[in-house]
Amino acid sequence: MIARLQALLRWLFMQIEALFNRAFGDQLNPFYHLGSIAFFLFWIVAGSGLYLYAFFDTSVVGAYSSVDALTHKQWFAGGVLRSIHRYASDAMVVVMMIHMVRYFAFNRMRGFRSFSWITGVALIWLVYTSGVNGYMLPWDKLSQFVIDASFEWLGQLPGFDALIRNVLYPTSINDRFFSLLVFIHIGVPLLLLLVMWVHVQRVPKARMQPPRLIGFSVVFMLLVAALVQPVLSQGGAADLGTAVTSLKFDWFYLGGLPLLYHWSPERVWLLTGAVTALLVVIPWLPLQRRGSRRDFQLEIHPGPSHAVARTGETILEAGLRAGVALRYECRNGGCGVCMCTVLNGSIDHGAYQPSVLTQQMRDAGKALMCCATPRSDLEIEVEALDSDGASSIRSYIGQVSSLERLADDVMRLRISISGGRRIDFAAGQYINIVFEDGQRRAFSFANAPQDNEQIELHVRLIPGGLFTTRVFTTMKVGDTLNFEGPFGRFTLREGPKPILFVAGATGFAPIKSIVEEAFRRGVQRPMHLYWGVRERKDLYMLDLAERWAREYANFAVTPVLSEDHSADWQGRRGLVHEAMLTDHPDLSGYEIYVCGSVRMVETAVPAFIAQGVSEDACLSDAFLPSKESANRS
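Residues numbered from 1 in each chain as written. Predicted model: local features only at pLDDT ≥ 70, side-chain atom pairs only at ≥ 80, totals over all residues. Heavy atoms only, no water.

Caption draft 1: Fine view of the overall build of the chain. Secondary structure summary: the chain contains 17 helices and 19 strands in total. In terms of overall size, the chain is more extended than a compact globule, its C-alpha atoms giving a radius of gyration of 33 Å where 633 residues would be expected to give roughly 26 Å. If you line up the chain on its principal axes, its C-alpha atoms span 110 × 60 × 40 Å. Taking all 633 residues of the chain together, the buried fraction comes to 50%. At a minimum sequence separation of 6, the contacts of the chain that also span at least 24 residues come to 71%. Looking at charge distribution, the chain has the averaged site of its 58 positive side-chain charges lying 3 Å from that of its 57 negative ones. (Helix = DSSP H or I, 4+ residues; strand = E, 2+ residues; numbered from the N terminus. Rg over C-alpha atoms; globule rule 2.2 N^0.38 Å. Buried < 20%, exposed > 50% of the residue type's maximum accessible area, 1.4 Å probe, protein only. Contact = heavy atoms within 4.5 Å. Lys, Arg positive; Asp, Glu negative; His and termini not counted. Charge placed at Lys NZ, Arg CZ, Asp CG, Glu CD.)

Caption draft 2: Fine view of the pairing of strand β13 (residues 480-487). Across the eight residues that make up β13, a large majority, six, are buried. Note that strand β8 (residues 394-407) and β13 share six bridges and pair antiparallel. Its bridge partner being in β13, Gln399 is matched across the sheet by Thr480. Judged from the four bridges that link them, strand β10 (residues 430-434) and β13 form a sheet pairing that is antiparallel. Bridging from a neighbouring strand, Val434 pairs with Asn482 of β13. (Pairing = 2+ DSSP bridges.)

Caption draft 3: Inspection of the sheet that holds β10 at higher detail. Taken in spatial order, the six strands line up as β11-β10-β13-β8-β9-β12 in an open sheet, and their pairing is antiparallel. Each of the sheet's edge strands pairs with one partner strand only, and the pair in question is β11 (440-444) and β12 (454-460). Taking each pair of neighbouring strands and ignoring which way they run, the sheet shows an average axis angle of 40°. Across the sheet, helix α13 (residues 466-473) is in contact with β8, β9 (410-417), β10, β11, β12 and β13; its angle to β12 comes to roughly 105°. (Axes fitted to C-alpha atoms, helices over the stretch in contact; angles between N-to-C directions.)

Caption draft 4: Up close: the packing of aromatic side chains. Counted under the stated rule, the structure contains 30 aromatic pairs. An aromatic cluster is present here, built from Phe508, Phe519, Trp531, Tyr540, Trp548, Tyr552 and Phe555 joined pairwise through their rings. Its guanidinium or amino end placed over the ring of Phe112, Arg310 lies 4.0 Å from that ring's centre, counting from NZ or CZ. In this structure, Arg331 packs its charged tip against the face of Tyr328, placed 5.1 Å from the ring centre. (Phe/Tyr/Trp six-rings, centres within 6.5 Å; stacked < 30°, edge-to-face > 60°. Lys NZ or Arg CZ within 6 Å of the ring centre and 35° of its normal.)

Caption draft 5: Molecular detail of empty space enclosed by the protein. Taken as a whole and assessed by the stated rule, the structure comprises one cavity of 30 Å³ or more. Considering only enclosed or pocket space, the largest cavity measures out at about 910 Å³ in volume. If you go around the largest cavity, you meet 43 residues; those closest to its centre are Gly35, His99, Tyr103, His199 and Val203. Elements that contribute at least two residues to the lining of the largest cavity include exactly α2 (34-55), α4 (75-105), α5 (114-134), α7 (175-199) and α11 (315-321). Across the lining of the largest cavity, the residue classes tally to 25 nonpolar, nine polar and nine charged. (1 Å grid on protein atoms, 1.4 Å probe; cavity = no way out; pocket = protein on both sides within 12 Å on 5 of 7 lines; lining within 4 Å. Points joined across faces, edges and corners; volume = space filled by probe spheres on them. Nonpolar A, V, L, I, M, F, W, Y, C, P; charged D, E, K, R; others polar.)

Caption draft 6: Up close: a nonpolar patch on the surface. There is a patch of nonpolar side chains on the surface, built from Trp75, Phe76, Phe220, Met221, Leu223, Val224, Leu227 and Val228 and spanning about 880 Å² of accessible area. Among the elements that make up the nonpolar patch, the one with the highest residue count is helix α8 (residues 212-228) (six residues). Position of Trp75 among the secondary structure elements: in helix α4. (Patch = residues over 30% accessible without salt bridge, like charges linked within 9 Å, V, L, I, M, F, W, Y side chains within 5 Å. Areas by Shrake-Rupley, 256 points an atom, 1.4 Å probe, with all protein chains shown as cover. Salt bridge = Lys/Arg side-chain N within 4 Å of Asp/Glu carboxyl O.)

Caption draft 7: Structural detail: the packing of helix α3 (residues 60-72) against α4. Their axes nearest at 5 Å, the elements α3 and α4 cross at an angle of 115°. In this view, α3 runs roughly perpendicular relative to α4, as classed from their interaxial angle. Residue-level contacts link Val67, Leu70, Thr71 and His72 of α3 to Trp75, Gly78, Gly79 and Arg82 of α4. A per-class count over the contact of α3 with α4 returns three nonpolar, four polar and one charged. (Parallel < 35°, antiparallel > 145°, perpendicular 65-115°, else oblique.)

Caption draft 8: The arrangement of the sheet that holds strand β7 (residues 378-381) in detail. Overall, mixed pairing links the five strands, which are arranged β2-β1-β7-β3-β5 in an open sheet. For this open sheet the edge positions go to β2 (305-309) and β5 (366-368), each flanked by a neighbour on one side alone. Between one strand axis and the next, the sheet turns through 35° on average, direction left out of account. As defined by bridge partners, strand β3 (residues 339-344) adjoins β5 across three bridges and the pair is classed as antiparallel. Across the sheet, residue Thr341 finds its bridge partner in β5, namely Lys366.

Caption draft 9: View of the nonpolar core. Among the nonpolar cores identified, the biggest contains 73 residues, and Leu41, Val146 and Leu254 are the most heavily contacted of them. Among the elements that line this core, the one with the most residues is α4, at 11 residues. When sequence neighbours within four positions are dropped, the list of residues in contact with Leu41 reads Ala88, Ala91, Met92, Val95, Val218 and Leu222. Grouped together as the second largest cluster of nonpolar side chains are 34 residues, Leu406, Ile499, Ile511 and Tyr540 included. (Core = buried A, V, L, I, M, F, W, Y, C linked by side-chain atoms within 4.5 Å.)

Caption draft 10: Local environment of unusual backbone geometry. A cis amide bond links Leu285 with the next residue in sequence, Pro286, at an omega value of -5°. The topology assignment puts Pro286 in the loop between α10 (265-281) and β1 (296-301). The linkage connecting Gly485 with the following residue, Pro486, adopts the cis geometry, with an omega of 0°. Within the element layout of this structure, Pro486 appears in strand β13. Look at Asn107: it is not a glycine, yet its phi comes out positive at around 60°. If you trace the backbone, Asn107 turns up in the loop between α4 and α5. Judged by its relative accessible area of 31%, Asn107 falls in the partly exposed class.

Caption draft 11: Structural view of the confidence of the model for the chain. Averaged over the chain, the pLDDT score is 87; the fraction of residues at 70 or greater is 93%. Ignoring residues within four places in sequence, the model shows residues 384-391, a span with pLDDT below 50, making 14 contacts including any to other chains. Below a pLDDT of 50 lies the segment residues 625-633, which in the model reaches 33 contacts outside its immediate sequence neighbourhood of four places, other chains included. (pLDDT = per-residue confidence, 0-100.)

Caption draft 12: Examining helix α16 (residues 576-583) more closely. Every buried residue of α16 is listed here: Val576, His577, Ala579, Met580 and Leu581. Buried-residue contacts for α16 involve β14 (499-504), β15 (527-533), β16 (555-561), β17 (572-573), β18 (591-597) and α17 (598-610).

Caption draft 13: How the structure looks around the packing of α16 against α17. Running from amino to carboxyl end, α16 crosses α17 at an angle of 15°, the nearest separation of the two axes being 9 Å. Considered as vectors, α16 and α17 are oriented roughly parallel to each other. In terms of crossing hand, the pair formed by α16 and α17 is right-handed. Packed against α16, whose contacting residues are Val576, His577, Met580 and Leu581, the element α17 presents Met600, Thr603, Ala604, Ala607 and Phe608 at the interface. Tallied by class, the residues present in the contact of α16 with α17 amount to seven nonpolar, two polar and no charged. (Left-handed = near helix turned anticlockwise from the far one by under 90°.)

Laid out in structure tokens, this is it:
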């Protein structure tokens, strides 16, 4: 029953959040900032309350008249702030309720999170206590009703029965009693602030302030509500000798009080206790046998950095808790900033927006750290930060130094880094070209690491590709490019096994970098490159590979054409991975490097594993389509 309810609520939240993402963007989606919005509203309530308190007369006789003067004689300040104080309090209740329901829907209240859940339950009651108490202070008819109902209810508790006698007669309310109400209205929010601080202690790097634009929007909406529908005292000053008959009600805070007129106070207490008990025990429902719980080891590249993930803890939470400064934004699977690549191990992807992490990206090993929870020990690749907070992934400004067309749809792009700087990288890694709007396009280094005075990229024209179209049409020598890197672990490993390279189209670029680095190191292991393309003209640097084969006895190259049926081609035909499998029916003694399109990699790697190569000896780098976050167009 609980699981079905959670699934329904989760689906509903995902639909609403997707709608808000389209309307406001993931960075300004209020559903991703509910906790920080609640904190922000608290400070609005506290700030406006301090101003109101400065003009408030804490005596029975002067309370109503001081509030009335605030509302009417200085409506431009006191009147507006009184309304903002009220509406911000209501908004805080709504935001906290949505926040709690959302955490229930996404099952984020179990295990180590139960602490935050239980403190959240305490926060709800503290907010209600403070809010209901606030309605007692203006000393109007609504205050009279709230005091009558609340004290009658509290009077059912042992030792509190004397409270009801304080509101039986007009003479029962004195200045001392009223000062006590004011003290409660100051003391409870201070306790509330303390519990709010405790509440977020187990949330790594919890944000307590929303984005500035959301904050401005909240203030603007509260101001509009205050001007359009100002809060006013109701029915004149309180008179304990006259019964209250009609009121405009605040259902956010006072919705439970009418029950006292339909049920007995005892039944209302029973309901309150039952609801509270249910909220407290929800993290342990349904009752199940205690299964095996274990921590999972995380190895995070580049670095590598290490972290330990508790049962049910996301990769992002575990990394942040361990002090790894990972990149993230929404923390709710809506922005894609915390994208990582799972190199080894299994995960539960969790709930996320499908537009951010497509099935194709999942198949390529991508995951969102803010949603994914480990099911085993993991090895992942991320864009991480140094322990001092400086990015280990550097940003650069470069200039186009040359453009050379290697084939009809392949351009060799060389980039010089401004200021004569050089970029340190490992053969097989890649960089991200960064656009002005923050979009990124990934391209592998085609030059060897020791030859890093310039960066060499092989850019293949993709129809409709944002960057590749520019390279082939408008780009010219001297143009400025922003990029960041290096990224990737598709790099040459040490070991004794013979190496098989499988490249598809411009997947030759990182292979070129790796092979040239291997030659420089003096690697003597046999290396055989299988290069698959559609037509003969797509083998844009075959002469270089054939020169390697002539100059190095341990290197061989086999080009494979998949769609060229011309009679003058005497070489291999078909799919490149099938050609390699034909030549090497037993791959158990080889190390394999596969680079090309996602489709090629997804087809080739399982076939290689089925033919004997171990998973840790089969490295792959898949080029994603241009619409994905890390792509090669």
